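This is what each chain is made of:
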Amino acid sequence: MASSKTEIPGTGANLKIRKKARYKKLICWLLVDLTIAAVIFALLLYTPGLYKPAGNDPAGYKKGQVHPYLTHLSSELYNGAQRGEPFELVVTQNGINEIITWSRWPKESEGIMFSAPAVLFVPGSIVLMGTAHIKGVEFVVTIAVEPRVDEQGFLNLQVAKVKVGAMKITPLAKMMAKKMYAQRLATVPVDTEALTTKIAGALLSDEPFEPVLRVENKKVRVEKITITQEKLTLHLVPAS
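Residues numbered from 1 in each chain as written. Predicted model: local features only at pLDDT ≥ 70, side-chain atom pairs only at ≥ 80, totals over all residues. Heavy atoms only, no water.

**Section: the packing of aromatic side chains**
Phase 1: Counted by the stated rule, this structure contains 0 aromatic pairs.
Phase 2: The ring of W105 is capped by K107, whose NZ or CZ atom sits 5.0 Å from the centre of that ring. (Phe/Tyr/Trp six-rings, centres within 6.5 Å; stacked < 30°, edge-to-face > 60°. Lys NZ or Arg CZ within 6 Å of the ring centre and 35° of its normal.)

**Some thoughts on the nonpolar core**
Phase 1: If you look at the biggest cluster of nonpolar residues, it comprises 25 residues, and the most contacted ones within it are F121, V220, I225, L232, L234 and L236.
Phase 2: Sequence-distant contacts of L236, defined by excluding residues within four places in its chain, comprise P86, F87, L89, L213, V220, R221 and V222.
Phase 3: Y51, A118, V127 and A144 belong to the second largest nonpolar core, which has 7 residues in total. (Core = buried A, V, L, I, M, F, W, Y, C linked by side-chain atoms within 4.5 Å. Buried < 20%, exposed > 50% of the residue type's maximum accessible area, 1.4 Å probe, protein only. Contact = heavy atoms within 4.5 Å.)

**A few points about the sheet that holds strand β8 (residues 212-215)**
Phase 1: Strand order in the open sheet made by the 4 strands is β1-β10-β9-β8, with antiparallel pairing throughout. The sheet is open, and its two borders are formed by β1 (87-92) and β8, each paired with just one other strand. The mean angle between the axes of side-by-side strands here comes to 35 degrees, regardless of whether they run parallel or antiparallel.
Phase 2: Relative to strand β9 (residues 218-228), β8 is paired through 4 bridges, and the arrangement is antiparallel. Note on β9: the bridge partner recorded for V212 is R221. (Pairing = 2+ DSSP bridges. Helix = DSSP H or I, 4+ residues; strand = E, 2+ residues; numbered from the N terminus. Axes fitted to C-alpha atoms, helices over the stretch in contact; angles between N-to-C directions.)

**Notes on the sheet that holds strand β5 (residues 137-149)**
Phase 1: Ordered by their spatial adjacency, 6 strands build an open sheet running β2-β3-β4-β5-β6-β7, and the pairing between neighbours is antiparallel. The sheet is open, and its two edges are formed by β2 (107-109) and β7 (167-168), each paired on a single side.
Phase 2: The pairing of strand β4 (residues 125-134) with β5 spans 9 bridges and is classified as antiparallel. Its bridge partner being in β5, T131 is matched across the sheet by V140.
Phase 3: Seen against the sheet, helix α4 (residues 170-187) touches β6 (155-164) and β7 and runs at an angle of roughly 125 degrees to β6.

**Concerning the side chain of N156**
Phase 1: Examined against the element boundaries, N156 turns out to sit in strand β6.
Phase 2: Exposure remark for N156: the relative accessible area of 18% places this residue in the buried category.
Phase 3: Side-chain polar atoms of N156 contact the backbone oxygen of F154, separated by 3.4 Å.
Phase 4: Excluding its chain neighbours within four sequence positions, the residues that come into contact with N156 are E146, P147, R148, D150 and P208. (Polar contact = N/O pair within 3.5 Å; in protein donor to acceptor, adjacent residues only side chain to side chain.)

**Points about the pattern of salt bridges**
Phase 1: What the rule picks out here adds up to 2 salt bridges.
Phase 2: Across the salt bridge formed by E193 and K198, the nearest N and O atoms sit 3.7 Å from each other. (Salt bridge = Lys/Arg side-chain N within 4 Å of Asp/Glu carboxyl O.)

**What about the packing of α4 against helix α5 (residues 195-205)?**
Phase 1: Viewed as axis vectors pointing N to C, α4 and α5 meet at an angle of 140 degrees, and their least axial separation amounts to 8 Å. As the angle between them shows, α4 and α5 are arranged oblique. Within the contact between the two elements, α4 uses K174, A177, K178 and Y181 and α5 uses T197, A200, G201, L204 and S205.
Phase 2: Taken together, the residues of the contact of α4 with α5 sort by class into 4 nonpolar, 3 polar and 2 charged. (Parallel < 35°, antiparallel > 145°, perpendicular 65-115°, else oblique. Nonpolar A, V, L, I, M, F, W, Y, C, P; charged D, E, K, R; others polar.)

**A look at the environment of I96**
Phase 1: With respect to the secondary-structure elements, I96 resides in helix α3 (residues 93-101).
Phase 2: Separated by 25 residues in the primary sequence, I96 and F121 have C-alpha atoms spaced 10.0 Å apart.

**Things to note about α4**
Phase 1: An ideal rise of 1.5 Å per residue puts 26 Å on 18 residues; α4 measures up with 26 Å between its terminal C-alpha atoms.
Phase 2: For α4, the full list of buried residues reads T170, A173, A177 and Y181. Down the axis of α4, the smallest arc covering the buried residues is 65 degrees, so these residues share one side. What points out from α4, more than 90 degrees from its buried face, is the exposed set P171, M175, K179, A186 and T187.
Phase 3: Tucked inside the fold, the buried residues of α4 contact β6, β7 and α5. (Expected span 1.5 Å × (residues − 1). Arc of directions from axis to C-beta.)

**A closer look at unusual backbone geometry**
Phase 1: The phi dihedral of A116 falls on the positive side, at around 50 degrees, and the residue is not glycine.
Phase 2: Mapping A116 onto the fold places it in strand β3 (residues 112-122).
Phase 3: Backbone geometry at D206 places phi at a positive 55 degrees, although glycine is not the residue there.
Phase 4: Secondary-structure assignment places D206 in the loop between α5 and β8.
Phase 5: Residue class for D206 comes out partly exposed when judged on its relative accessible area of 41%.

Given below as structure tokens:
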């Protein structure tokens, strides 16, 4: 009488099949993870087509010298304020980028080196772009800001978009910026009435402020901001 062999589950051929199946599954998931990592890295390293930094132009700069376009804007602001009537101050994209080229770049902050900045005026938004150098790797950072004067007359600088390469990180970036801003206020003496501090608070912590500028013995208020292609217009009125 012939004897029959019964394969015990979990042993012999069945065990080899199960191990082989697990191995294939592991390889499959590993390939998926590598593919996702490669896509993310490619998105982070992406350079937007709009990014065309003007570069650095220290040759025409002398220490303590003010850029001619900044002198022009200051003169327009002063003359408009002294007239005591509503007026407009027009800022061009080219002019702002010319001023930037005179600054000393790169600049370092929190261990990150920033270089090649560029500013774009697009309808409704100010787009700030630059290259961040982190441990030998370069990423293009894009920040879109939508300035708006609300019904109470306060200026809001809404950060609408933050991107590294082609990857949007807006919620994460805003959360980190707000935390860093709060830590700085808690550890470093800061003049909360300074215009630069108010702008930083509006950008980093969503804190609107009264956009009142003192121009010698006069004060003017930003009543409205209009942004069109390559041009930003400040609508200003006398302020008491």
